[in-house]
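# Summary of the model geometry
Here's the letter readout for the chains.
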Amino acid sequence: MLQLRGLLPLLCCLGLATAAPAQSRSAASAGVFVDQQGVLRWQDSRREVALFGVNYTTPFAHAYRAHQRVGANPEQAIRQDVYHLARLGVDAFRVHVWDVEITDTTGNLQQNEHLRLLDFLLAELKQRGIKIILTPIAYWNNGYPEPDTGTGFSSIYSKAEAYVNPRAIRAQETYLTQFLNHQNPYTKLALRDDPDIIAFEVCNEPRYHEPKAQVTDFANRMVKAMRATGLQKPIFYNIAENYPVHEAILDANVDGLTFQWYPQGLVSGHELRGNLLPYVDQYPIPYRQDPRFQRRAKMVYEFESADVLQPIMYPMMARSFREAGFQWATQFAYDPLAIAPYNTEYQTHYLNLAYTPSKAMSMLIAGKVFRTVQRGQQFRRYPADSVFGAFRVSYREQLSEMNTDEEFYYTNSTRTQPKRLARLQHLAGVGSSPVVTYGGTGAYFLDRLAPGVWRLEVMPDAVPLRDPFETASLRKAVTSIRWNEQPLRVQLPDLGSAFTLRGLNQGNRVQQQAQGGALTVHPGTYLLTTREQDAAKWVTQDRKLGVLGLSEFVAPLPTPDQPTTQPVPTVRSTPPAQATAGQPLQLRVQVAGAELQDSLLLVAQHFYGRTRRLPMTRLGLSTAEATVPAELLYPGLLRYWVVLKPQKKSAGQPIRTFPAGQLGQPSDWDFFSQEHWEVPIVAAGSPLPLFRAAHDQRRVEVRGTENAFSGWADYVTTPAGELALRLVVPVPSAQAAASSEAAAPAVSLRAYFADQLLGRSAELAGAKELLVRVRSNQPAARAKVLLVTRDAAAYSAALPLTADWQTVRIPLSALQPDAMLITPRPYPGFLPLHFKPANQPAQLRLADAEVLQIVVDGPATGSPIQVDLESVSLQ
């Protein structure tokens, strides 16, 4: 089992200290109010509020239990995570309090460890200048993803009961009264009086239905109980979760309204691929013209690009939030450092500075977007809106950037030149840029303290091990941390090329002289100075960088294979679905835990044929590649392994063969592992697979659209025994059928295929038609097939159906411009289901196609519609 047991004390020694309260934050100790136009403003300055941050849950539920299991001290863990949040510029925090863990069944507040840790967390956030909105009632138990153990009132009353059962209502009134009056022992303030807790949201994602009056009465009763404590702060209420009764909340006595955004649904079970930027292009609220809506403040209590690692979603979401008029937005949820290697808290979410550095950097940039873009500022639609102000977002480059006179941030390697290099004050990024050339995969930060004096902070390398959105376990790490010495070159005018580097964090005694601006660094915090500067005075004095201590540093130690052993190297490869016979095949692998001097060999074997041992070229510390020669690629099956030969075998690292990590190599007489990677080799001109039901179950998204005709899917077999995907559209209820006027998408398949064609990309230009192997129990059912490009342009054609299995041939020339279906379905449910870019090209450019969609419409009449799909390919 991979554990952090015993690591937390060492992390303490890396220089983490309590920072002074932020003085640079606007209205650091002032309250807020909602004006008559529904604008949230600071009391003292009357300026508009714009706060952006995260949810974070270490005091409660699975996060609390998981910290215990890995041996992490919760207070120390909270300090470390809050430091990282401050490092990312977070200035907003929200959490739905697990009332089930801090109450009894009648609503009385329980003084226990969960409440104490919440108090401790709030105190730490205050010291970093981070503002807080609390949601006292969560309305569910504490088990997910484990069995429930909570014993408070939410353990006996469901969401549906909570607003109609008199005992449940009284329990909530009791709890809200005691919670707001609770005095935090760390701050000596009642929660209702703490100036850094700027507002409260009554409850998290309630579940309501008609009649509306009962909903309004309940909301008003909760607000009355809160006001009876003397609370003067704004009270927010969720309106997005129950659209059919949204007017009940508009009629309630609340100051603000809360929304969430999960633009591509939740829990796909694997990483979503493809251009998802259209999913976050806008946030249109259907009742935005209602005067009752306009006079309320608006906040986003939760948002996330679930099951997505691409570092481009958050900045566009932040821009869309500001366009829609929001003044507060908090991502759900930031992964605690101690359990981030496993992503067990919520497998569909994954965000941590150390473990997802590029995504975390996009969070930093998104915060800048949120605070820079004006509330209500309008934008053109995607892709015309991907460059705005100081920001640029590129799907093709997997890059988000901010570039101003004083700040330069990027999520991936970039060729962009800083706007005014001589005036630059802050830089942060992942990868390399014209200012910083870096060989590692972790994030780094450069902050100017004075002319010729900069603070450098370098995080360790993060190496992905497996899909973080699969079923999670504390026995399975999904990302590995490696403390490697990495080459670094810094080109800043006031530093010159011969600056001095000196370690700042505790235990970091490194001193180096740069040559040509280049040197090597380990993870840590450093002072960079010119010869003219006295570095000693910066090291000895208790200097601050805003809310950060100059010598502070927090990072996880290298990920161990076992609690008492050194990290074991890993090698990952994703084989293409097929390779073209007679053509060389380039194979690339991801490497973790191997030194740059270690050798890697690709052992390629045509099944029952020749074997070649091919030295691999290291492209960096974490990647290597080799090319299999054409002579080995005749029709059949290619198998391959990667052999890692450490340069220093005397240090205890033996030869290993991957994918199994087996000791030894395939040529050894006693090498017994049967694991290998394989690639089918097919003749040129054979169909190029876009979807194969027998192979792609874990790669595709199959969802109902959650409307009146929403469907589902299953797997069945054909008469020949082959696996097929069955898309099902049920017969709607009489009420649903009466409320729906026309046919609409009911169920769909989405399959990202670009990576599957890498071994045959040269053949794409010759493809002329789509081949769809399909049947249906209702041949008159409406279905269509779409191909979607990297620029989110969709092209579709009707999919003819018959009762018998057939291969439908659709000429590519028959595909016409269309709107793509936004699937998986976004939350909340009032968001658009389709997207079509302006000025879409009239013809599909096949080389840009990357996503297949099959869409079946409802409603079904008489009996459910079944569309069985075996495969889709290009010919």
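None of these values were measured; they are calculated from a predicted model.

What counts and how
Residues numbered from 1 in each chain as written. Predicted model: local features only at pLDDT ≥ 70, side-chain atom pairs only at ≥ 80, totals over all residues. Heavy atoms only, no water. Helix = DSSP H or I, 4+ residues; strand = E, 2+ residues; numbered from the N terminus. Expected span 1.5 Å × (residues − 1). Buried < 20%, exposed > 50% of the residue type's maximum accessible area, 1.4 Å probe, protein only. Contact = heavy atoms within 4.5 Å. Salt bridge = Lys/Arg side-chain N within 4 Å of Asp/Glu carboxyl O. Axes fitted to C-alpha atoms, helices over the stretch in contact; angles between N-to-C directions. Parallel < 35°, antiparallel > 145°, perpendicular 65-115°, else oblique. Left-handed = near helix turned anticlockwise from the far one by under 90°. Nonpolar A, V, L, I, M, F, W, Y, C, P; charged D, E, K, R; others polar. Pairing = 2+ DSSP bridges. Phe/Tyr/Trp six-rings, centres within 6.5 Å; stacked < 30°, edge-to-face > 60°. Lys NZ or Arg CZ within 6 Å of the ring centre and 35° of its normal. Core = buried A, V, L, I, M, F, W, Y, C linked by side-chain atoms within 4.5 Å.

A word on helix α7 (residues 166-181). For α7, which comprises 16 residues, the first-to-last C-alpha distance of 23 Å matches the rise-based estimate of 22 Å (1.5 Å per residue) to within 8%. Where α7 is concerned, the buried positions are A168, I169, A171, Q172, E173, Y175, L176, F179 and L180.

If you trace the backbone, Q347 turns up in the loop between β12 (328-331) and α12 (357-372). A residue is classified by how much of its surface remains accessible, and Q347, at 15% relative accessible area, is buried. What Q347 contacts, discounting residues up to four positions off in sequence, is V267, G269, D307, P468, F469, E470, T471 and A472.

Between side chains of opposite charge, a pair can form when the charged atoms approach closely. In this structure the tally under the stated criterion is 51 salt bridges. The partner of E631 in a salt bridge is R612, and the shortest N-O contact between them spans 2.9 Å. Remark: R612 occurs in strand β34 (residues 611-615) and E631 occurs in the loop between β36 (623-628) and β37 (636-645); sequence separation between them is 19 residues. For E631, a relative accessible area of 44% puts it in the partly exposed group. On the accessibility criterion, R612 (26% relative accessible area) is partly exposed.

Within the element layout of this structure, S761 appears in the loop between β45 (744-752) and β46 (769-776). We classify S761 as partly exposed; its relative accessible area is 45%. For the pair formed by S761 and T580, sequence separation is 181 residues and the distance between their alpha carbons is 9.0 Å.

Our next topic: the packing of helix α3 (residues 74-87) against helix α5 (residues 113-127). It is at 10 Å that the axes of α3 and α5 come closest, and there the two elements cross at 30 degrees. Classified by the angle their axes make, α3 and α5 are roughly parallel. You can see that α3 and α5 cross each other, and the crossing is right-handed. Of the residues in α5, those in contact with P74, E75, I78, R79 and V82 of α3 are R116, L117, F120, L121, E124 and L125. Of the residues in the contact of α3 with α5, the class split is seven nonpolar, no polar and four charged.

Another point: the sheet that holds β36. The four strands lie next to each other as β30-β32-β36-β35, forming an open sheet whose pairing is antiparallel. In this open sheet, the two strands that pair with only one neighbour each are β30 (570-573) and β35 (617-618). Taken together, the two bridges between β35 and β36 define a ladder with antiparallel strand orientation. Bridging from a neighbouring strand, T617 pairs with E625 of β36.

With that out of the way, let us pick up the packing of helix α11 (residues 313-324) against α12. Orientation of α11 relative to α12, taken along the N-to-C sense of each, is 20 degrees, at an axis distance of 7 Å. Of the possible angle classes, the one that applies to α11 and α12 is roughly parallel. Helix-helix and strand crossings are classified by hand; for α11 and α12 the assignment is right-handed. Each of Y314, P315, A318, R319, F321 and R322 in α11 lies in contact with α12, whose residues at this interface are K359, S362, M363, I365, A366, V369 and F370. Split into classes, the residues belonging to the contact of α11 with α12 amount to nine nonpolar, one polar and three charged.

A few words now on unusual backbone geometry. Going from E210 to P211, the amide bond is cis rather than trans, its omega being 5 degrees. With omega at 0 degrees, the peptide bond leading from T823 into P824 counts as cis. Within the element layout of this structure, P824 appears in the loop between β51 (820-821) and β52 (834-835). Phi at V267 takes a positive value of approximately 55 degrees, unusual for a residue other than glycine. For V267, the location among the structural elements is in the loop between β10 (256-261) and α10 (291-294). In the Ramachandran plot, N343 falls in the positive-phi region, its phi being about 50 degrees despite a non-glycine side chain. Within the secondary structure, N343 is located in the loop between β12 and α12. Overall, N343 belongs to the buried group, its relative accessible area being 0%.

For the rest of this paragraph, the subject is the packing of aromatic side chains. Here the structure, examined in full by the defined rule, presents 37 aromatic pairs. The interplanar angle of 70 degrees and the centroid separation of 4.6 Å between the aromatic rings of Y163 and Y208 together place this pair among those described as edge-to-face. Taken together, the residues span a long stretch of sequence, with Y163 in the loop between α6 (159-162) and α7 and Y208 in the loop between β8 (197-201) and α8 (212-227) at a distance of 45 residues. Stacked on the ring of W538, the Lys or Arg R543 has its end atom at 4.1 Å from the ring centre. The ring centre of F607 lies 4.1 Å from the NZ or CZ of R639, which sits over that ring.

On to the pairing of β45. Most of β45 is tucked away: nine of the nine residues are buried. Here strand β42 (residues 700-704) runs beside β45; their pairing, made up of five bridges, is antiparallel. Along β45, the bridge assignment pairs R703 with S748. In this structure, β45 lies alongside strand β53 (residues 849-858), joined through eight bridges in antiparallel fashion. Bridged to A744 within β53 is G858.

What follows is about the nonpolar core. Ranked by internal contacts, the top residues of the largest apolar core, which has 149 residues, are F93, F179, F259, F303 and F321. L688, V772, A783 and A860 belong to the second-largest nonpolar core, a separate cluster that totals 44 residues.

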